[in-house]
Amino acid sequence: MLRLWRGGSGGAGTLSAIGAARVRLAVGRRLFAEQAPRALTTADITEQQSRKAAIEDAVRRSANKAHAFIIASGIACFFLMRKYVGMQDIDNEGAPLSSASLSPSEFRPFKLAQVLPVNHDTNIYRFNLEKSNTPLNLPVASFILLRTNVNGKDVVRPYTPISTNRTHGHFDLMIKSYPEGKISKHVSTMKPHEFIEVKGPIVKFEYKPNKYKEIGMIAGGTGITPMLQILDHALTNCANDHTKFVLIFANKSKEDILLKDRLDRMSILFRERFTLHYVVDKAEGEWEGDVGHVTKELIEKYLPGPDPKSQILVCGPPPMMKAISGEKAKDFSQGELSGVLQSIGYSAENVFKF
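What counts and what doesn't
Sequence order as written defines the numbering, with residues in each chain counted from 1. Totals for whole chains, interfaces and linings use every residue, but because this is a predicted model, local features are given only for residues with pLDDT of at least 70 and side-chain atom pairs only at 80 or more, for both listing and counting. Think of the side-chain values as coming from all heavy atoms in the structure, minus any hydrogens and water. The term salt bridge refers to a pairing of a side-chain nitrogen on Lys or Arg with a carboxyl oxygen on Asp or Glu at a separation within 4 Å. For the purposes of this entry, the term helix denotes a DSSP run of H or I that reaches at least four residues, the term strand denotes a run of E that reaches at least two, and both are numbered from the N terminus. Note on classification: 1.4 Å probe, protein chains only; a residue is buried when its accessible area is under 20% of the maximum for its type, exposed when over 50%, partly exposed between these limits. A pair of strands is treated as paired once DSSP finds two or more bridges between them. For helices, the fitted line uses only the C-alpha atoms of the stretch in contact; every axis is such a line through C-alpha atoms, and the angle between N-to-C directions lies from 0 to 180 degrees. For classification purposes, an angle smaller than 35 degrees is called roughly parallel, one larger than 145 roughly antiparallel, one from 65 to 115 roughly perpendicular, and anything else oblique. By convention the crossing between two helices is left-handed if the near helix lies anticlockwise of the far one by an angle smaller than a right angle, and right-handed if it lies clockwise. Should any heavy atoms of two residues lie within 4.5 Å, those residues are considered in contact. Residue type decides the class: Asp, Glu, Lys and Arg count as charged, Ala, Val, Leu, Ile, Met, Phe, Trp, Tyr, Cys and Pro as nonpolar, and the leftover types, Gly among them, as polar. Under the convention used throughout, the expected extent of a helix is 1.5 Å for every residue step, that is, one less than its residue count. Side-chain atoms within 4.5 Å link the members of a nonpolar core, which is a set of buried Ala, Val, Leu, Ile, Met, Phe, Trp, Tyr and Cys residues. Throughout the structure description, domain borders are defined by an automatic or database domain assignment. Each residue gets a pLDDT score, which is the predictor's confidence in that residue and runs from 0 to 100. Only protein atoms enter the calculation, which uses a 1 Å grid: trapped sets of points that fit a 1.4 Å probe without letting it out are cavities, open sets showing protein on both sides within 12 Å along at least five of seven lines are pockets, and any residue with an atom within 4 Å of a point is a lining residue. Grid points are joined across faces, edges and corners, and a volume is the space filled by probe spheres set on the points. UniProt positions are given in the numbering used here, feature names are shortened, and annotations may be inferred rather than shown by experiment.

A. Examining the pattern of salt bridges more closely. Tallied over the entire structure, the rule returns seven salt bridges. Taking the shortest distance from any N to any O, the salt bridge between Arg147 and Glu197 comes out at 2.8 Å. Of the two residues, Arg147 is situated in strand β3 (residues 142–150) and Glu197 in strand β6 (residues 195–203); the sequence distance between them amounts to 50 residues. You can call Arg147 partly exposed: its relative accessible area is 21%.

Following this line, the structure appears as structure tokens:
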């Protein structure tokens, strides 16, 4: 049984218990984004509502506000960690898993450990780090480069890991397979225990807590990966960070929404700082989100307006980038700002293109 109270009736015992409850809740939040994606069912929602009602009733009935806070926090944390949070197994012996460790200066071989299907054209590819207890520890936000040889020529493409910095022993890449995609096509044919060359991490956008009051995000398809990296870091790792986030995530259909379960749970747990909006080209069946493309009206409705204290991040396929912000320059610099964001009044300083 979870112990919710320790200490006597004195103030020191109360403060100690409150601190312990806050620590348990913070730990639950950090672990929340780590667990494997699972859809929220009607039964889950009903159960959550029942828990909420029980907690509110306990708070109302408590004569001591400090005791009520401890009870509510403890119960919420208990159910959160019991139902949704899965601790990742870590081999303390640090058994060798791969022949290399990440390097930003050279390509090194990494072994494919597992392929996890996401949908009809996207998989998560899990690659081993050097040892099972090696932490990922990527700067936020950063990416890595994959290199392979196709028809006698080296081909290099950037990818953003979706693993959190609390991951040990491996990193995950979510890759959509395109018929003409040289790297994605190659990776889709790889088998566990085969190797691919990796270089990185390379910092793309340096996130600093509280630098902006609010950050708006526009993502399409696998363009969600850098947004997820920033969200996980800012919401679970940065103490005293009050930055708020709003994400517009565009996809062809509900079935094409990548990592939806993980994003949904994150928006529930961190609802005071993270707001999530889905947009699909065509809605089939029950759908409560927006339908169509990311338009000027949609951006003005959901995202922070042009302001030095706000920032807009954009990542998606080329047609979307061209329409929303303009594509990056040929040398991969930010290039000129154009598209919908420019027409609304955002400046180049307000926008970052991944």
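B. Structural view of the pairing of strand β7 (residues 214–220). Burial of β7 is extensive: six of the seven residues sit out of reach of the surface. With seven bridges joining them, β7 and strand β8 (residues 244–251) adopt parallel strand pairing. Of the residues in β8, the one forming a bridge with Glu214 is Lys244. Across six bridges, the pairing between β7 and strand β11 (residues 310–315) is parallel.

C. Structural context of the packing of helix α5 (residues 224–236) against helix α6 (residues 260–269). α6 packs onto α5 with a crossing angle of 30° between their chain directions and a minimal axis gap of 12 Å. Of the possible angle classes, the one that applies to α5 and α6 is roughly parallel. Two packed elements cross with a definite hand, and for α5 against α6 that hand is left-handed. Of the residues in α6, those touching α5 at Ile224, Leu228, Leu231 and Leu235 are Arg262, Leu263 and Met266. Per-class residue counts for the contact of α5 with α6 are six nonpolar, no polar and one charged.

D. Layout of α5. Compared with an ideal rise of 1.5 Å per residue, which puts 13 residues at 18 Å, α5 spans 18 Å between its outermost C-alpha atoms and is within 8% of the ideal. In terms of residue burial, α5 counts as a mostly covered element, since 13 of its 13 residues are buried.

E. Structural view of the nonpolar core. Core analysis: the biggest nonpolar cluster contains 38 residues, and Ile230 and Phe245 have the highest contact counts within it. Here this core takes seven residues from α5, the largest share from any one element. When residues of this core are assigned to domains, at least three fall in each of domain 1 (108–203) and domain 2 (214–353). Counting 21 residues, the second largest nonpolar core, distinct from the first, contains Ala250, Met320, Met321 and Ile344.

F. View of the confidence of the model for the protein. Mean pLDDT for the protein: 82, with 72% of residues reaching 70 or above. Overall, residues 1–11 carries pLDDT values under 50, and its contacts beyond four positions in sequence, including any with other chains, amount to 16 contacts.

G. Structural detail: empty space enclosed by the protein. Throughout the structure, instances matching the rule amount to two cavities of 30 Å³ or more. Looking at the largest cavity, its volume works out to about 70 Å³. What lines the largest cavity is simply Leu138, Val140, Ile162, Ser163, Thr164, Asn165, Leu228, Gln229, Asp232, His233, Asn237 and Arg262. The dominant element in the lining of the largest cavity, judged by the number of residues it contributes, is α5, at four residues.

H. Region of interest: the UniProt feature "binding site: FAD" (unreviewed entry) in the protein. The residues that UniProt annotates with the feature "binding site: FAD" (unreviewed entry) are Arg157, Pro158, Tyr159, Lys176, Lys182, Ile183, Ser184 and Thr225. Mapped onto the elements, Lys182 comes out in helix α4 (residues 182–188). Those residues within four positions of Lys182 in sequence are excluded, and the remaining contacts are Val150 and Val155. Structurally, Ile183 is set in helix α4.

I. Looking closely at the sheet that holds β3. Pairing within the open sheet is antiparallel, and its six strands lie in the order β4-β3-β6-β1-β2-β5. The strands lining the two open edges of the sheet, one partner per strand, are β4 (153–159) and β5 (170–176). The average angle at which neighbouring strand axes cross in this sheet is 40°, direction not considered. Here seven bridges tie strand β2 (residues 122–128) to β5, and the two strands are oriented antiparallel to one another. Residue pairing in the sheet places Asn123 in a bridge with Ile175 of β5.

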